[in-house]
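Residue-level structure breakdown
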Amino acid sequence: MEPSSILDVRPEVAAALRDGRPVVALSSAPMAHSLPWPINLEAAREAEAAVRQEGAVPATLAVWQGKPTVGVSAQELEGLARGMSAFRAGRRDLAAAVVHGRTAATTLSANLCLAYRAGIRLVVTGGVGSLGRAGGDALDIPDDLVALSRTPVAAVSAGAKGVLALSRTAEILESFGVPVVGYATDSLPAFYVRDTSHPISARVNTPEEAARLLLAHWALDGAGVLLAQPAPAAMALDTDLYGQNLLEVEREAAKVHCKDLTPFLTSRLARVTGGKTLQAYKAMLVANATLAARIAQHLTGPAT
């Protein structure tokens, strides 16, 4: 598939795609709307460096002055980290951002769309959006989950953000037919927590095995895949302590619109954990970028 003309695919990325070299897409939303300055820029730079270290080309995604951009520059990256954009664009917001010439950081649902249009099959994120409230409205489903069910791209993540309704998130992914593949784990990680009671649908133990599974899934006309890698052991939070911290924010989070839930939870959890979650978030992004780049080495050629 040729990159869509509506996209601004930067020269380095375009050349890599044309030559069939490995490319990894990176989300701009964590640095623009989840992590505070300056750790957000540190995380973004380190994630890009991790991709390069593994021999792949990083392509951070965003909408820059009305143009969906695949591979923002270092200057643009810093601008987003410094708060140049207050707009957080999901899939549904892309057209409006284009028409109105806005600059926007993009969430997973938008990144899946942009990556696929560009011909990239791997998107790095922290975790997929979970449900806004446990036992909430059946229609309260984050667009991340819907987009995964429709777009043949893999999200390399730390599992689900599922702080309020992890079981329902897992159920919806299953009902949408989205494979939840654990990387060296038998349970669905919950972002800062490595192990949960929710089983994954398949397990892989090497980047090559992960790539073979993805290629087989897409050859059978499958759509998105959630590839879940547990948070680095040294940075993960204790399950019991994490549960206690969540009790402090759940009541407040119940009043937050689903689209704003991730920035809200990131901020509140950082406060109650004394900043531990911020360092864990950064470590997860870098670890996921490294894994995605290693998998990309085994996905030869552009998306078709």
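Residues numbered from 1 in each chain as written. Predicted model: local features only at pLDDT ≥ 70, side-chain atom pairs only at ≥ 80, totals over all residues. Heavy atoms only, no water.

Moving on, we get to the overall build of the protein. Check the secondary structure of the protein and you find 12 helices and 11 strands. Expressed as a percentage of its 304 residues, the buried residues of the protein come to 60%. Restricting the contact set of the protein to residue pairs at least 6 apart, pairs at least 24 apart contribute 74%. On the protein, roughly 12,500 Å² of surface is accessible, and the fraction owed to carbon and sulfur atoms is 51%. (Helix = DSSP H or I, 4+ residues; strand = E, 2+ residues; numbered from the N terminus. Buried < 20%, exposed > 50% of the residue type's maximum accessible area, 1.4 Å probe, protein only. Contact = heavy atoms within 4.5 Å. Areas by Shrake-Rupley, 256 points an atom, 1.4 Å probe, with all protein chains shown as cover.)

Our next topic: the packing of aromatic side chains. All chains considered together, the criterion is met by 2 aromatic pairs. Ring geometry for Phe 191 and Tyr 281: centres 5.1 Å apart, planes at 80 degrees, overall edge-to-face. Within this pair, whereas Phe 191 is found in the loop between strand S9 (180-183) and strand S10 (202-204), its partner Tyr 281 is found in helix H12 (residues 276-296), the two being separated by 90 residues in sequence. Considered together, Phe 191 and Tyr 281 belong to a single accessibility category, that of buried residues. Members of the aromatic cluster, joined through ring pairs, are Phe 191, Tyr 192 and Tyr 281. A cation over an aromatic ring shows up here: Arg 102 above the ring of Phe 87, its NZ or CZ 4.0 Å from the ring centre. A cation over an aromatic ring shows up here: Arg 121 above the ring of Trp 218, its NZ or CZ 4.4 Å from the ring centre. (Phe/Tyr/Trp six-rings, centres within 6.5 Å; stacked < 30°, edge-to-face > 60°. Lys NZ or Arg CZ within 6 Å of the ring centre and 35° of its normal.)

On to the confidence of the model for the protein, then. Reading predicted coordinates in detail is not appropriate for stretches of low pLDDT. Per-residue confidence for the protein gives a mean pLDDT of 88, with 86% of residues at or over 70. Counting interchain partners and residues more than four positions distant, the pLDDT-below-50 stretch residues 131-135 has 23 contacts. (pLDDT = per-residue confidence, 0-100.)

Of the strand pairs in this sheet, strand S1 (residues 8-9) and strand S4 (residues 67-70) are connected by 2 bridges, and their pairing is parallel. Note that in S4 the partner of Val 9 across the bridge is Val 70. The sheet contact formed by strand S3 (residues 57-64) and S4 spans 4 bridges and is antiparallel. By the bridge assignment, Ala 62 is partnered in S4 with Thr 69. Linking S3 to S4, which pair antiparallel, is a turn of 2 residues; within it Gln 65 sits at a positive phi near 50 degrees. (Pairing = 2+ DSSP bridges.)

Attention shifts here to the packing of helix H3 (residues 39-53) against helix H4 (residues 74-81). H4 packs onto H3 with a crossing angle of 145 degrees between their chain directions and a minimal axis gap of 9 Å. The handedness of the crossing between H3 and H4 comes out as right-handed. For the pair H3 and H4, the contacting residues are Asn 40, Leu 41, Ala 44, Arg 45 and Glu 48 in the first and Leu 77, Glu 78 and Ala 81 in the second. (Axes fitted to C-alpha atoms, helices over the stretch in contact; angles between N-to-C directions. Left-handed = near helix turned anticlockwise from the far one by under 90°.)

Formed by 64 residues in total, the largest nonpolar core has its most connected members in Val 13, Val 23, Val 70, Ile 120, Leu 188, Tyr 192 and Leu 226. With 7 residues, helix H6 (residues 108-118) is the single largest residue contributor to this core. Not counting residues within four places of it along the chain, the set of residues in contact with Leu 188 comprises Gly 159, Ala 160, Leu 166, Ala 170, Val 180, Thr 196, His 198, Ile 200, Leu 226 and Ala 228. If you look at the next biggest cluster of nonpolar residues, it comprises 27 residues, including Val 24, Ala 56, Val 156 and Val 225. (Core = buried A, V, L, I, M, F, W, Y, C linked by side-chain atoms within 4.5 Å.)

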